Amino acid sequence: MTDQHNDGTVLEAQQTRLKPPPMFKVLLLNDDFTPMEFVVAVLEQLFAKSREQATQIMLKVHLEGVGVCGVYTLDVAQTKVDQVTAFARENQHPLQCVMEEQ
Ligand code: TYC
């Protein structure tokens, strides 16, 4: 937007509203080896899900192959993926966690 003044100067209005940031889904992928209880613990401890919510998400991943743990900004999503991956490897599980732009 521009604003013409009577001395001929033109001021550019500052953009005051920012675009919402891109959002990223954090996804868990199914595998045949990670114990169900471990996936539930990941969802409770790293995604603040209740036992019931965590169990539902885990079962969805188990049955359908993939499920959403949450939707976050880029930095938070990347941190969650890194935390899940580190926690899984510390416990010798092959659990895969990835992110995808929404
Ligand atoms: N399929 C695994 C099992 O039968 C459980 C599982 C669920 C693994 C979700 C990964 O993201 C996952 N033990």
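Residues numbered from 1 in each chain as written. Predicted model: local features only at pLDDT ≥ 70, side-chain atom pairs only at ≥ 80, totals over all residues. Heavy atoms only, no water.

Peer 1: Just checking my understanding: could you explain the overall build of the chain for this structure?
Peer 2: Regarding its fold elements, the chain presents three helices and five strands. Contacts in the chain between residues at least 24 apart in sequence constitute 67% of all its contacts with a sequence separation of at least 6. Here the chain displays about 7200 Å² of accessible surface, and carbon together with sulfur accounts for 53% of that area. (Helix = DSSP H or I, 4+ residues; strand = E, 2+ residues; numbered from the N terminus. Contact = heavy atoms within 4.5 Å. Areas by Shrake-Rupley, 256 points an atom, 1.4 Å probe, with all protein chains shown as cover.)

Peer 1: Help me out: how do you make sense of helix H2 (residues 51-64) in this one?
Peer 2: Because the α-helix completes a turn every 3.6 residues, residues three or four places apart line up on one side. A rise of 1.5 Å per residue sets the reference length of H2, with its 14 residues, at 20 Å; its end C-alpha atoms lie 20 Å apart and thus fit the reference within 8%. For H2, every residue scored as buried is listed here: Ala 54, Ile 57, Met 58 and Val 61. Buried residues in H2, looked at end-on, bunch into an arc of 100°, giving them a common side. Opposite the packed face of H2, turned more than 90 degrees from it, sit the exposed residues Glu 52, Gln 56, Leu 63 and Glu 64. (Expected span 1.5 Å × (residues − 1). Buried < 20%, exposed > 50% of the residue type's maximum accessible area, 1.4 Å probe, protein only. Arc of directions from axis to C-beta.)

Any link to function would need more than the numbers given here.
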